[in-house]
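Below are the chains, spelled out letter by letter.
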Amino acid sequence: MNFDIGNPSYGLVFWTLIAFFLLLFLLKKFAWKPIMEAIGERERSIEDALASAEKAKEEMARLTNENEQLLKAARAERDIILKEAKELKDQLVADAKVQAQAEGAKLIEQARKEIDDQKKKALVEVKNQVSSLSLDIARKVLQKEFENEKQQETLVSDLLKDVKLN
Amino acid sequence: MDFRHFFNSKKISFIAIFAVFTTFSVAQTADSTSTAAASVSHETHGEEPYNATEVIMEHIGDAYDWHLWGDLSIPLPVILYTDKGFEFFLSSQFHHGEHDYQGKHYTYRLVDKKKIRVVGSNGAVDEEASKNVWDFSITKNVAAIFLSVFLLVWIFSSVARAYKKREGKAPKGFQSLIEPIILFVRDDIARPNIGHRYARFMPLLLTIFFFIWINNLLGLIPIFPGAANVTGNIAVTFVLAFIVLIVVNINGNKYYWKHILAPDVPWWLYPIMIPVELVGVISKPFALMIRLFANITAGHIIILSLISLIFVFKSLAIAPVSLAFVLFMNVLELLVGVLQAFIFTLLTALFIGMAVEEHH
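Everything quoted here is computed from the prediction, not taken from an experiment.

Definitions and cut-offs
Residues numbered from 1 in each chain as written. Chains lettered and ligands numbered in written order. Predicted model: local features only at pLDDT ≥ 70, side-chain atom pairs only at ≥ 80, totals over all residues. Helix = DSSP H or I, 4+ residues; strand = E, 2+ residues; numbered from the N terminus. Rg over C-alpha atoms; globule rule 2.2 N^0.38 Å. Buried ≥ 20, exposed ≤ 12 C-beta atoms within 10 Å, placed from the backbone. Contact = placed C-beta atoms within 7 Å. Pairing = 2+ DSSP bridges. Nonpolar A, V, L, I, M, F, W, Y, C, P; charged D, E, K, R; others polar.

K.L.:
Just to check I follow, could you spell out the overall build of chain A for this structure?
P.N.:
What chain A contains, in helices and strands, is two helices and zero strands. Relative to its length of 166 residues, chain A is extended, with a C-alpha radius of gyration of 66 Å against a globular reference of 15 Å. Considered along the principal axes of its C-alpha atoms, chain A spans approximately 205 × 30 × 20 Å.

Okay, structure coming up:
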(Lines give C-alpha, C1' and ligand atoms only; values in the text may rest on other atoms or scores of the structure.)
Protein backbone atom coordinates (compact mmCIF):
# COMPACT_ATOMS: atom_id res chain seq x y z
CA MET A 1 0.00 0.00 0.00
CA ASN A 2 1.57 3.22 -1.12
CA PHE A 3 0.15 5.39 1.61
CA ASP A 4 2.59 8.24 1.21
CA ILE A 5 0.30 10.96 2.50
CA GLY A 6 1.90 10.46 5.87
CA ASN A 7 5.25 11.06 4.23
CA PRO A 8 5.07 14.70 3.25
CA SER A 9 7.19 15.76 0.35
CA TYR A 10 9.52 18.63 1.13
CA GLY A 11 8.85 20.02 -2.35
CA LEU A 12 5.21 20.49 -1.47
CA VAL A 13 6.15 21.98 1.91
CA PHE A 14 8.50 24.39 0.16
CA TRP A 15 5.98 25.51 -2.45
CA THR A 16 3.15 25.70 0.08
CA LEU A 17 5.25 27.96 2.29
CA ILE A 18 6.12 30.22 -0.61
CA ALA A 19 2.57 30.24 -1.95
CA PHE A 20 1.05 30.90 1.45
CA PHE A 21 3.37 33.78 2.26
CA LEU A 22 2.85 35.21 -1.20
CA LEU A 23 -0.90 34.92 -0.66
CA LEU A 24 -0.65 36.46 2.79
CA PHE A 25 1.42 39.35 1.46
CA LEU A 26 -0.77 40.02 -1.58
CA LEU A 27 -4.05 39.73 0.28
CA LYS A 28 -2.77 41.85 3.15
CA LYS A 29 -1.69 44.59 0.79
CA PHE A 30 -4.45 44.51 -1.78
CA ALA A 31 -7.42 43.06 0.07
CA TRP A 32 -7.46 42.88 3.84
CA LYS A 33 -6.04 46.33 4.46
CA PRO A 34 -8.44 48.26 2.19
CA ILE A 35 -11.38 46.03 3.11
CA MET A 36 -10.85 46.22 6.86
CA GLU A 37 -10.24 49.94 6.63
CA ALA A 38 -13.35 50.47 4.54
CA ILE A 39 -15.45 48.37 6.91
CA GLY A 40 -14.01 50.17 9.92
CA GLU A 41 -14.56 53.53 8.27
CA ARG A 42 -18.14 52.66 7.43
CA GLU A 43 -18.81 51.35 10.90
CA ARG A 44 -17.43 54.55 12.35
CA SER A 45 -19.52 56.69 10.03
CA ILE A 46 -22.63 54.66 10.85
CA GLU A 47 -21.87 55.03 14.53
CA ASP A 48 -21.37 58.76 14.05
CA ALA A 49 -24.58 59.02 12.09
CA LEU A 50 -26.45 57.14 14.79
CA ALA A 51 -24.90 59.30 17.48
CA SER A 52 -25.77 62.49 15.63
CA ALA A 53 -29.28 61.21 14.98
CA GLU A 54 -29.59 60.54 18.68
CA LYS A 55 -28.27 64.01 19.35
CA ALA A 56 -30.71 65.53 16.88
CA LYS A 57 -33.50 63.62 18.55
CA GLU A 58 -32.45 64.94 21.91
CA GLU A 59 -32.19 68.45 20.49
CA MET A 60 -35.63 68.01 18.96
CA ALA A 61 -37.02 66.84 22.27
CA ARG A 62 -35.37 69.75 23.99
CA LEU A 63 -36.81 72.19 21.46
CA THR A 64 -40.24 70.64 21.75
CA ASN A 65 -40.00 70.81 25.47
CA GLU A 66 -38.90 74.41 25.24
CA ASN A 67 -41.73 75.22 22.87
CA GLU A 68 -44.17 73.62 25.21
CA GLN A 69 -42.72 75.57 28.08
CA LEU A 70 -42.98 78.73 26.04
CA LEU A 71 -46.52 77.92 25.06
CA LYS A 72 -47.39 77.15 28.62
CA ALA A 73 -45.83 80.40 29.79
CA ALA A 74 -47.61 82.32 27.05
CA ARG A 75 -50.86 80.68 27.97
CA ALA A 76 -50.33 81.51 31.61
CA GLU A 77 -49.48 85.07 30.71
CA ARG A 78 -52.55 85.32 28.54
CA ASP A 79 -54.65 84.03 31.40
CA ILE A 80 -53.10 86.55 33.73
CA ILE A 81 -53.69 89.37 31.24
CA LEU A 82 -57.26 88.29 30.67
CA LYS A 83 -57.84 88.06 34.38
CA GLU A 84 -56.35 91.48 34.92
CA ALA A 85 -58.41 92.92 32.11
CA LYS A 86 -61.52 91.41 33.59
CA GLU A 87 -60.67 92.78 36.97
CA LEU A 88 -59.99 96.15 35.46
CA LYS A 89 -63.24 96.03 33.59
CA ASP A 90 -65.13 95.04 36.69
CA GLN A 91 -63.39 97.76 38.58
CA LEU A 92 -64.22 100.28 35.90
CA VAL A 93 -67.80 99.20 35.74
CA ALA A 94 -68.08 99.26 39.49
CA ASP A 95 -66.42 102.66 39.64
CA ALA A 96 -68.63 103.98 36.91
CA LYS A 97 -71.66 102.65 38.68
CA VAL A 98 -70.64 104.25 41.94
CA GLN A 99 -69.84 107.48 40.19
CA ALA A 100 -73.05 107.42 38.27
CA GLN A 101 -74.95 106.74 41.41
CA ALA A 102 -73.19 109.56 43.17
CA GLU A 103 -73.75 111.85 40.24
CA GLY A 104 -77.38 110.83 40.03
CA ALA A 105 -77.83 111.31 43.73
CA LYS A 106 -76.23 114.67 43.46
CA LEU A 107 -78.47 115.66 40.60
CA ILE A 108 -81.49 114.40 42.37
CA GLU A 109 -80.45 116.28 45.44
CA GLN A 110 -79.93 119.39 43.41
CA ALA A 111 -83.24 118.92 41.70
CA ARG A 112 -84.96 118.41 44.98
CA LYS A 113 -83.33 121.52 46.38
CA GLU A 114 -84.34 123.46 43.37
CA ILE A 115 -87.83 122.14 43.64
CA ASP A 116 -87.91 123.02 47.32
CA ASP A 117 -86.63 126.50 46.57
CA GLN A 118 -89.11 126.95 43.83
CA LYS A 119 -91.80 125.59 46.03
CA LYS A 120 -90.88 127.90 48.83
CA LYS A 121 -90.70 130.76 46.46
CA ALA A 122 -94.01 129.83 44.99
CA LEU A 123 -95.55 129.41 48.41
CA VAL A 124 -94.28 132.83 49.44
CA GLU A 125 -95.70 134.19 46.27
CA VAL A 126 -98.92 132.38 46.86
CA LYS A 127 -98.99 133.61 50.41
CA ASN A 128 -98.40 137.15 49.32
CA GLN A 129 -101.01 136.78 46.63
CA VAL A 130 -103.43 135.17 49.02
CA SER A 131 -102.91 137.89 51.65
CA SER A 132 -103.28 140.70 49.17
CA LEU A 133 -106.25 138.97 47.62
CA SER A 134 -107.83 138.36 50.97
CA LEU A 135 -107.19 141.88 51.97
CA ASP A 136 -108.77 143.07 48.78
CA ILE A 137 -111.66 140.72 49.23
CA ALA A 138 -112.02 141.73 52.83
CA ARG A 139 -111.85 145.30 51.90
CA LYS A 140 -114.39 144.86 49.22
CA VAL A 141 -116.63 142.78 51.47
CA LEU A 142 -116.36 145.29 54.24
CA GLN A 143 -117.04 148.10 51.87
CA LYS A 144 -120.08 146.25 50.63
CA GLU A 145 -121.23 145.36 54.10
CA PHE A 146 -121.04 148.84 55.40
CA GLU A 147 -122.96 150.28 52.54
CA ASN A 148 -126.24 148.89 53.99
CA GLU A 149 -127.01 150.02 57.59
CA LYS A 150 -129.88 147.95 58.24
CA GLN A 151 -128.22 144.83 57.31
CA GLN A 152 -125.54 145.69 59.69
CA GLU A 153 -127.78 146.22 62.50
CA THR A 154 -129.52 142.94 61.78
CA LEU A 155 -126.16 141.19 61.80
CA VAL A 156 -125.11 142.81 64.94
CA SER A 157 -128.40 142.01 66.55
CA ASP A 158 -128.05 138.42 65.35
CA LEU A 159 -124.62 138.17 66.73
CA LEU A 160 -125.80 139.72 69.95
CA LYS A 161 -128.61 137.32 70.18
CA ASP A 162 -126.18 134.50 70.15
CA VAL A 163 -124.16 135.98 72.77
CA LYS A 164 -125.47 135.01 76.21
CA LEU A 165 -124.19 137.03 78.93
CA ASN A 166 -123.55 134.98 81.84
CA MET B 1 -6.15 29.26 30.65
CA ASP B 2 -9.57 30.77 30.57
CA PHE B 3 -11.82 29.33 27.89
CA ARG B 4 -15.00 30.85 29.22
CA HIS B 5 -15.17 33.69 26.71
CA PHE B 6 -14.99 31.04 23.98
CA PHE B 7 -18.02 29.19 25.25
CA ASN B 8 -19.90 32.33 26.11
CA SER B 9 -21.20 32.63 22.58
CA LYS B 10 -23.93 30.06 22.20
CA LYS B 11 -23.54 30.07 18.45
CA ILE B 12 -19.86 29.23 18.58
CA SER B 13 -20.19 26.58 21.24
CA PHE B 14 -22.93 24.91 19.25
CA ILE B 15 -20.84 24.90 16.10
CA ALA B 16 -17.83 23.64 17.99
CA ILE B 17 -19.74 20.76 19.55
CA PHE B 18 -21.27 19.92 16.22
CA ALA B 19 -17.85 20.09 14.58
CA VAL B 20 -16.28 17.73 17.08
CA PHE B 21 -19.19 15.35 16.65
CA THR B 22 -19.02 15.30 12.87
CA THR B 23 -15.25 15.01 13.01
CA PHE B 24 -15.47 11.80 14.98
CA SER B 25 -18.31 10.34 12.99
CA VAL B 26 -16.70 11.16 9.65
CA ALA B 27 -13.35 9.78 10.73
CA GLN B 28 -14.96 6.61 12.02
CA THR B 29 -16.97 6.04 8.89
CA ALA B 30 -13.94 6.73 6.75
CA ASP B 31 -11.92 4.20 8.63
CA SER B 32 -14.50 1.42 8.41
CA THR B 33 -15.33 2.15 4.79
CA SER B 34 -11.75 2.16 3.60
CA THR B 35 -10.95 -1.11 5.37
CA ALA B 36 -14.13 -2.61 3.93
CA ALA B 37 -13.18 -1.46 0.46
CA ALA B 38 -9.68 -2.78 0.94
CA SER B 39 -10.87 -6.21 2.08
CA VAL B 40 -13.34 -6.43 -0.77
CA SER B 41 -10.66 -5.51 -3.28
CA HIS B 42 -8.45 -8.28 -1.98
CA GLU B 43 -11.15 -10.86 -2.54
CA THR B 44 -11.90 -9.94 -6.16
CA HIS B 45 -8.94 -11.43 -7.93
CA GLY B 46 -10.41 -11.58 -11.38
CA GLU B 47 -8.68 -11.04 -14.66
CA GLU B 48 -8.27 -7.40 -13.90
CA PRO B 49 -9.02 -6.95 -10.24
CA TYR B 50 -10.24 -3.54 -9.23
CA ASN B 51 -8.03 -2.31 -6.44
CA ALA B 52 -10.11 0.29 -4.60
CA THR B 53 -7.34 1.14 -2.16
CA GLU B 54 -4.92 1.91 -4.96
CA VAL B 55 -7.44 4.03 -6.82
CA ILE B 56 -8.42 5.95 -3.70
CA MET B 57 -4.85 6.51 -2.59
CA GLU B 58 -3.95 7.69 -6.05
CA HIS B 59 -6.80 10.16 -5.99
CA ILE B 60 -6.04 11.64 -2.61
CA GLY B 61 -2.30 11.63 -3.15
CA ASP B 62 -0.14 14.04 -5.07
CA ALA B 63 0.83 13.56 -8.74
CA TYR B 64 3.24 14.93 -11.31
CA ASP B 65 0.47 15.64 -13.78
CA TRP B 66 -3.07 16.90 -13.50
CA HIS B 67 -5.40 14.23 -14.74
CA LEU B 68 -8.27 15.45 -16.91
CA TRP B 69 -10.08 12.39 -18.29
CA GLY B 70 -9.15 9.05 -19.82
CA ASP B 71 -5.48 9.15 -20.78
CA LEU B 72 -5.48 12.92 -21.03
CA SER B 73 -3.71 14.90 -18.39
CA ILE B 74 -2.03 18.27 -18.06
CA PRO B 75 1.72 17.86 -17.75
CA LEU B 76 3.26 19.85 -14.94
CA PRO B 77 6.83 21.12 -14.70
CA VAL B 78 9.34 18.97 -12.89
CA ILE B 79 12.00 20.94 -11.08
CA LEU B 80 14.93 19.01 -9.68
CA TYR B 81 17.87 20.37 -7.78
CA THR B 82 20.77 17.97 -8.17
CA ASP B 83 24.34 18.17 -7.00
CA LYS B 84 25.23 19.17 -10.57
CA GLY B 85 22.60 21.90 -10.97
CA PHE B 86 18.93 22.42 -11.73
CA GLU B 87 16.85 20.30 -14.09
CA PHE B 88 13.62 21.57 -15.65
CA PHE B 89 11.35 19.42 -17.82
CA LEU B 90 7.68 18.57 -18.20
CA SER B 91 6.28 15.51 -16.48
CA SER B 92 4.90 14.37 -19.85
CA GLN B 93 8.48 13.25 -20.66
CA PHE B 94 7.87 10.27 -18.41
CA HIS B 95 4.79 9.18 -20.43
CA HIS B 96 2.98 8.21 -17.22
CA GLY B 97 6.05 6.41 -15.92
CA GLU B 98 6.52 4.27 -19.02
CA HIS B 99 9.72 5.98 -20.16
CA ASP B 100 12.81 7.22 -18.42
CA TYR B 101 13.87 10.77 -19.11
CA GLN B 102 17.44 11.61 -20.02
CA GLY B 103 18.16 14.92 -18.31
CA LYS B 104 21.19 17.12 -18.48
CA HIS B 105 22.85 15.52 -15.48
CA TYR B 106 21.12 12.18 -14.84
CA THR B 107 18.54 9.84 -16.24
CA TYR B 108 15.30 9.98 -14.27
CA ARG B 109 12.52 7.49 -13.77
CA LEU B 110 9.05 7.97 -12.33
CA VAL B 111 8.62 5.16 -9.81
CA ASP B 112 5.01 4.16 -8.90
CA LYS B 113 3.88 7.54 -10.31
CA LYS B 114 4.97 8.92 -6.95
CA LYS B 115 8.73 9.35 -6.80
CA ILE B 116 11.38 10.54 -9.20
CA ARG B 117 14.52 8.45 -8.94
CA VAL B 118 17.86 8.51 -10.69
CA VAL B 119 18.48 5.56 -13.00
CA GLY B 120 22.01 4.20 -12.99
CA SER B 121 23.95 3.03 -16.03
CA ASN B 122 22.81 -0.56 -15.41
CA GLY B 123 19.15 0.44 -15.90
CA ALA B 124 18.21 0.06 -12.23
CA VAL B 125 17.21 2.75 -9.77
CA ASP B 126 20.27 4.26 -8.10
CA GLU B 127 19.08 5.14 -4.60
CA GLU B 128 22.49 6.52 -3.62
CA ALA B 129 22.50 9.06 -6.43
CA SER B 130 18.81 9.80 -5.85
CA LYS B 131 19.68 11.18 -2.42
CA ASN B 132 21.46 14.08 -4.11
CA VAL B 133 18.38 14.98 -6.11
CA TRP B 134 15.97 17.38 -4.45
CA ASP B 135 12.51 17.42 -5.91
CA PHE B 136 10.88 20.85 -6.10
CA SER B 137 8.45 19.94 -8.85
CA ILE B 138 5.24 21.81 -9.46
CA THR B 139 3.06 18.85 -8.62
CA LYS B 140 -0.71 18.70 -8.86
CA ASN B 141 -1.09 19.97 -5.30
CA VAL B 142 1.38 22.80 -5.87
CA ALA B 143 -0.46 23.78 -9.04
CA ALA B 144 -3.77 23.60 -7.17
CA ILE B 145 -2.34 25.83 -4.42
CA PHE B 146 -1.17 28.33 -7.05
CA LEU B 147 -4.62 28.22 -8.60
CA SER B 148 -6.26 28.87 -5.24
CA VAL B 149 -3.80 31.69 -4.52
CA PHE B 150 -4.64 33.22 -7.88
CA LEU B 151 -8.37 32.82 -7.25
CA LEU B 152 -8.16 34.30 -3.77
CA VAL B 153 -6.11 37.29 -4.89
CA TRP B 154 -8.48 37.83 -7.80
CA ILE B 155 -11.64 37.53 -5.69
CA PHE B 156 -10.48 39.65 -2.80
CA SER B 157 -8.73 42.37 -4.77
CA SER B 158 -11.96 42.79 -6.76
CA VAL B 159 -13.89 42.95 -3.50
CA ALA B 160 -11.38 45.49 -2.20
CA ARG B 161 -11.90 47.53 -5.38
CA ALA B 162 -15.63 47.45 -4.73
CA TYR B 163 -14.97 48.91 -1.29
CA LYS B 164 -12.93 51.71 -2.82
CA LYS B 165 -15.50 52.40 -5.48
CA ARG B 166 -18.45 52.40 -3.12
CA GLU B 167 -16.76 54.08 -0.20
CA GLY B 168 -19.03 54.50 2.80
CA LYS B 169 -21.94 52.83 1.03
CA ALA B 170 -23.68 49.55 1.76
CA PRO B 171 -22.02 46.49 0.19
CA LYS B 172 -23.35 45.28 -3.14
CA GLY B 173 -23.13 42.11 -5.18
CA PHE B 174 -20.23 39.82 -4.42
CA GLN B 175 -19.00 42.28 -1.84
CA SER B 176 -22.12 41.67 0.25
CA LEU B 177 -21.49 37.92 0.09
CA ILE B 178 -17.93 38.28 1.35
CA GLU B 179 -18.45 40.99 3.93
CA PRO B 180 -20.53 38.93 6.41
CA ILE B 181 -17.85 36.22 6.31
CA ILE B 182 -15.09 38.73 6.97
CA LEU B 183 -17.17 40.23 9.76
CA PHE B 184 -17.81 36.73 11.11
CA VAL B 185 -14.07 36.07 11.25
CA ARG B 186 -13.54 39.42 12.91
CA ASP B 187 -16.46 39.51 15.36
CA ASP B 188 -16.92 35.84 16.19
CA ILE B 189 -13.40 34.46 15.84
CA ALA B 190 -10.75 37.15 16.28
CA ARG B 191 -12.32 39.61 18.71
CA PRO B 192 -13.68 37.25 21.39
CA ASN B 193 -10.52 35.12 21.43
CA ILE B 194 -7.73 37.63 20.98
CA GLY B 195 -9.22 40.73 22.55
CA HIS B 196 -8.46 44.30 21.63
CA ARG B 197 -5.16 43.42 19.89
CA TYR B 198 -7.05 41.41 17.29
CA ALA B 199 -6.48 43.80 14.37
CA ARG B 200 -2.82 42.78 13.91
CA PHE B 201 -3.80 39.15 13.36
CA MET B 202 -6.77 39.73 11.09
CA PRO B 203 -4.81 39.35 7.81
CA LEU B 204 -3.37 36.01 8.93
CA LEU B 205 -6.70 34.70 10.23
CA LEU B 206 -8.61 35.80 7.13
CA THR B 207 -5.95 34.35 4.84
CA ILE B 208 -5.92 31.02 6.69
CA PHE B 209 -9.72 30.86 6.72
CA PHE B 210 -10.24 31.60 3.04
CA PHE B 211 -7.22 29.57 1.92
CA ILE B 212 -8.45 26.45 3.71
CA TRP B 213 -12.04 27.02 2.67
CA ILE B 214 -11.39 27.54 -1.03
CA ASN B 215 -9.05 24.55 -1.15
CA ASN B 216 -11.62 22.41 0.65
CA LEU B 217 -14.22 23.47 -1.90
CA LEU B 218 -11.91 23.03 -4.89
CA GLY B 219 -11.05 19.59 -3.57
CA LEU B 220 -14.70 18.59 -3.81
CA ILE B 221 -14.85 19.35 -7.52
CA PRO B 222 -14.13 16.03 -9.23
CA ILE B 223 -12.77 17.51 -12.49
CA PHE B 224 -9.87 19.69 -13.54
CA PRO B 225 -9.86 22.98 -11.65
CA GLY B 226 -10.46 20.98 -8.51
CA ALA B 227 -9.79 17.36 -7.70
CA ALA B 228 -6.53 18.07 -5.89
CA ASN B 229 -6.53 17.02 -2.28
CA VAL B 230 -4.66 20.09 -1.03
CA THR B 231 -6.00 20.54 2.50
CA GLY B 232 -6.07 16.76 2.85
CA ASN B 233 -2.33 16.63 2.32
CA ILE B 234 -0.33 16.59 5.50
CA ALA B 235 2.50 18.64 4.00
CA VAL B 236 0.08 21.52 3.41
CA THR B 237 -1.56 21.28 6.81
CA PHE B 238 1.92 20.98 8.30
CA VAL B 239 2.89 24.32 6.74
CA LEU B 240 -0.27 25.98 8.00
CA ALA B 241 0.18 24.58 11.49
CA PHE B 242 3.85 25.51 11.46
CA ILE B 243 2.98 29.11 10.60
CA VAL B 244 0.51 29.11 13.49
CA LEU B 245 3.21 27.71 15.79
CA ILE B 246 5.65 30.44 14.77
CA VAL B 247 3.08 33.25 14.99
CA VAL B 248 1.82 32.14 18.41
CA ASN B 249 5.29 31.84 19.90
CA ILE B 250 6.67 35.02 18.37
CA ASN B 251 3.75 36.94 19.83
CA GLY B 252 3.82 35.20 23.20
CA ASN B 253 4.19 37.75 25.96
CA LYS B 254 5.94 37.29 29.31
CA TYR B 255 2.82 35.79 30.92
CA TYR B 256 2.69 33.17 28.19
CA TRP B 257 6.34 32.21 28.70
CA LYS B 258 6.02 32.38 32.46
CA HIS B 259 3.10 29.98 32.23
CA ILE B 260 5.33 27.56 30.31
CA LEU B 261 8.69 27.99 32.01
CA ALA B 262 7.65 28.94 35.55
CA PRO B 263 4.09 27.73 36.10
CA ASP B 264 2.28 28.40 39.37
CA VAL B 265 3.08 25.04 40.93
CA PRO B 266 5.50 23.98 43.69
CA TRP B 267 9.05 24.11 42.31
CA TRP B 268 9.59 20.37 42.65
CA LEU B 269 6.84 19.81 40.04
CA TYR B 270 8.84 21.77 37.44
CA PRO B 271 10.60 18.69 36.02
CA ILE B 272 7.14 17.39 35.09
CA MET B 273 5.33 20.63 34.32
CA ILE B 274 7.85 22.29 32.04
CA PRO B 275 8.18 19.33 29.64
CA VAL B 276 4.39 18.98 29.65
CA GLU B 277 3.95 22.65 28.82
CA LEU B 278 6.62 22.46 26.11
CA VAL B 279 4.86 19.45 24.61
CA GLY B 280 1.67 21.53 24.77
CA VAL B 281 3.34 24.24 22.68
CA ILE B 282 3.98 21.72 19.92
CA SER B 283 0.86 19.60 20.35
CA LYS B 284 -1.56 22.46 19.81
CA PRO B 285 -0.49 23.19 16.21
CA PHE B 286 0.13 19.48 15.73
CA ALA B 287 -3.54 18.85 16.49
CA LEU B 288 -4.44 21.54 13.97
CA MET B 289 -2.35 19.80 11.34
CA ILE B 290 -3.84 16.34 11.98
CA ARG B 291 -7.42 17.57 12.34
CA LEU B 292 -7.59 19.33 8.99
CA PHE B 293 -5.64 16.60 7.18
CA ALA B 294 -7.73 13.78 8.65
CA ASN B 295 -11.09 15.45 8.10
CA ILE B 296 -10.55 16.34 4.49
CA THR B 297 -8.79 13.10 3.61
CA ALA B 298 -11.49 11.10 5.35
CA GLY B 299 -14.18 12.89 3.40
CA HIS B 300 -12.40 12.19 0.11
CA ILE B 301 -11.87 8.56 1.05
CA ILE B 302 -15.55 8.08 1.88
CA ILE B 303 -16.72 9.62 -1.38
CA LEU B 304 -14.20 7.64 -3.42
CA SER B 305 -15.06 4.45 -1.53
CA LEU B 306 -18.74 4.92 -2.25
CA ILE B 307 -17.95 5.44 -5.93
CA SER B 308 -15.65 2.41 -5.82
CA LEU B 309 -18.52 0.24 -4.58
CA ILE B 310 -19.97 0.36 -8.09
CA PHE B 311 -16.76 -1.08 -9.52
CA VAL B 312 -16.19 -3.49 -6.67
CA PHE B 313 -19.64 -5.04 -7.14
CA LYS B 314 -19.37 -4.64 -10.92
CA SER B 315 -23.05 -3.78 -10.98
CA LEU B 316 -24.90 -0.77 -12.26
CA ALA B 317 -27.69 -1.58 -9.83
CA ILE B 318 -25.56 -0.39 -6.94
CA ALA B 319 -24.99 2.97 -8.64
CA PRO B 320 -28.19 4.75 -7.45
CA VAL B 321 -27.53 3.75 -3.85
CA SER B 322 -23.91 4.69 -4.17
CA LEU B 323 -24.70 8.01 -5.80
CA ALA B 324 -27.30 8.84 -3.18
CA PHE B 325 -24.68 8.33 -0.50
CA VAL B 326 -22.11 10.28 -2.51
CA LEU B 327 -24.55 13.15 -2.87
CA PHE B 328 -25.17 13.10 0.86
CA MET B 329 -21.45 12.99 1.55
CA ASN B 330 -20.78 15.83 -0.87
CA VAL B 331 -23.28 18.01 0.94
CA LEU B 332 -21.78 17.00 4.25
CA GLU B 333 -18.33 17.76 2.88
CA LEU B 334 -19.49 21.24 1.91
CA LEU B 335 -20.35 21.74 5.56
CA VAL B 336 -17.14 20.08 6.77
CA GLY B 337 -15.14 22.25 4.37
CA VAL B 338 -16.35 25.49 5.90
CA LEU B 339 -16.40 23.99 9.38
CA GLN B 340 -12.78 22.88 9.25
CA ALA B 341 -11.71 26.27 7.91
CA PHE B 342 -13.65 27.83 10.77
CA ILE B 343 -12.20 25.51 13.40
CA PHE B 344 -8.64 25.95 12.18
CA THR B 345 -9.07 29.73 12.25
CA LEU B 346 -10.88 29.68 15.57
CA LEU B 347 -8.21 27.60 17.26
CA THR B 348 -5.48 29.74 15.72
CA ALA B 349 -7.19 32.79 17.18
CA LEU B 350 -7.57 30.99 20.50
CA PHE B 351 -3.88 30.07 20.65
CA ILE B 352 -2.86 33.61 19.68
CA GLY B 353 -5.28 34.91 22.30
CA MET B 354 -3.65 32.73 24.95
CA ALA B 355 -0.22 33.96 23.93
CA VAL B 356 -1.05 37.67 23.98
CA GLU B 357 -3.45 37.64 26.92
CA GLU B 358 -2.59 40.08 29.68
CA HIS B 359 -3.02 38.88 33.26
CA HIS B 360 -4.27 41.31 35.84
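Now that the structure is up, let's keep going.
K.L.:
Any chance you could explain the overall build of chain B here in plain terms?
P.N.:
Helix and strand content of chain B: 11 helices and eight strands. Residues classed as buried in chain B amount to 39% of the 360 residues present. Across chain B, the fraction of contacts at a sequence separation of at least 24, relative to all contacts at a separation of at least 6, is 61%.

K.L.:
Explain unusual backbone geometry here, please?
P.N.:
Residues and elements named next belong to chain B. Positive phi is not limited to glycine here, since Lys-314 has a value of about 50°. Here Lys-314 shows up in the loop between helix 10 (270-313) and helix 11 (318-356). Here Lys-314 falls in the exposed class, since 10 other C-beta atoms lie within 10 Å of it.

K.L.:
So what exactly am I meant to see when it comes to the sheet that holds strand 7 (residues 115-119) of chain B here?
P.N.:
What links the strands of a sheet is backbone hydrogen bonding, and the strands pair in either a parallel or an antiparallel sense. All names here are of chain B. Ordered by their spatial adjacency, three strands build an open sheet running 5-6-7, and the pairing between neighbours is antiparallel. Each edge of the open sheet is held by one strand with a lone partner, namely strand 5 (101-102) and strand 7. As defined by bridge partners, strand 5 adjoins strand 6 (residues 107-111) across two bridges and the pair is classed as antiparallel. Bridging across to strand 6, Gln-102 finds its partner in Thr-107.

K.L.:
Where do I start with the sheet that holds strand 4 (residues 85-90) of chain B in this structure?
P.N.:
All names here are of chain B. Spatial strand order, 4-3-8: three strands in an open sheet with antiparallel pairing. Each end of this open sheet is capped by a strand with a single partner; those strands are strand 4 and strand 8 (134-135). The sheet contact formed by strand 3 (residues 77-82) and strand 8 spans two bridges and is antiparallel. Bridging from a neighbouring strand, Tyr-81 pairs with Trp-134 of strand 8.

K.L.:
Looking at this structure, I do not really get the pairing of strand 6 of chain B. What am I missing?
P.N.:
Along any regular strand the residues' side chains alternate between the sheet's two faces. Residue and element names in this part refer to chain B. Taking the residues between adjacent antiparallel strands as the criterion, strand 5 and strand 6 are bridged by four residues. With five bridges joining them, strand 6 and strand 7 adopt antiparallel strand pairing. Bridged to Leu-110 within strand 7 is Ile-116. Between strand 6 and strand 7, which follow one another and run antiparallel, lie three residues, and Asp-112 among them has a positive phi close to 55°.

K.L.:
Just to check I follow, could you spell out the interface of chain A and chain B for this structure?
P.N.:
Contacts between chain A and chain B engage 34 residues on the former and 42 residues on the latter. Class assignment of the residues belonging to the side of chain A that touches chain B gives a composition of 24 nonpolar, six polar and four charged.

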